[in-house]
Amino acid sequence: MFVCICNALKDRELAAASHGARNVAEVFRRCGRRPKCGKCLPDVAELIEAAREDDQGAVKIAAE
């Protein structure tokens, strides 16, 4: 599904770029793009948060 229509970025591409990202701008840099209209920024921020939760869960499992 497209998350960023302006840059034709799909959820899977943005989710992959979100792992380890500190902010939305970093996700766009990893994708080689820049945000344009900004309507997708809250959605990309949610993807970053979901990636952080996934990464933290993976660390907890690995520690066990």
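Higher on the page you've got the structure.
Quick summary incoming for the structure in this document.

Parameters and conventions
Residues numbered from 1 in each chain as written. Predicted model: local features only at pLDDT ≥ 70, side-chain atom pairs only at ≥ 80, totals over all residues. Heavy atoms only, no water. Salt bridge = Lys/Arg side-chain N within 4 Å of Asp/Glu carboxyl O. Helix = DSSP H or I, 4+ residues; strand = E, 2+ residues; numbered from the N terminus. Buried < 20%, exposed > 50% of the residue type's maximum accessible area, 1.4 Å probe, protein only.

**Thoughts on the pattern of salt bridges**
And step 1. Per the stated rule, a full pass over the model turns up 3 salt bridges.
And step 2. E26 is paired through a salt bridge with R30; the nearest N and O atoms lie 2.8 Å apart. Here R30 and E26 lie together in helix α2 (residues 24-30), a separation of 4 residues that amounts to about one turn.
And step 3. Of the residues examined, E26 reaches a relative accessible area of 12% and is grouped as buried.
And step 4. Look at R30 and you get partly exposed, because its relative accessible area is 42%.
And step 5. Here R52 ties to E49 by a salt bridge, and the two come within 3.8 Å at their closest N and O atoms. Of the two residues, R52 and E49 both sit in helix α3 (residues 41-63), 3 residues apart, roughly one turn of that helix.
And step 6. Ionic contacts of the salt-bridge type, sharing partners, join the residues R22, E26 and R30 into one network.

Nothing here speaks to function; it is all geometry.
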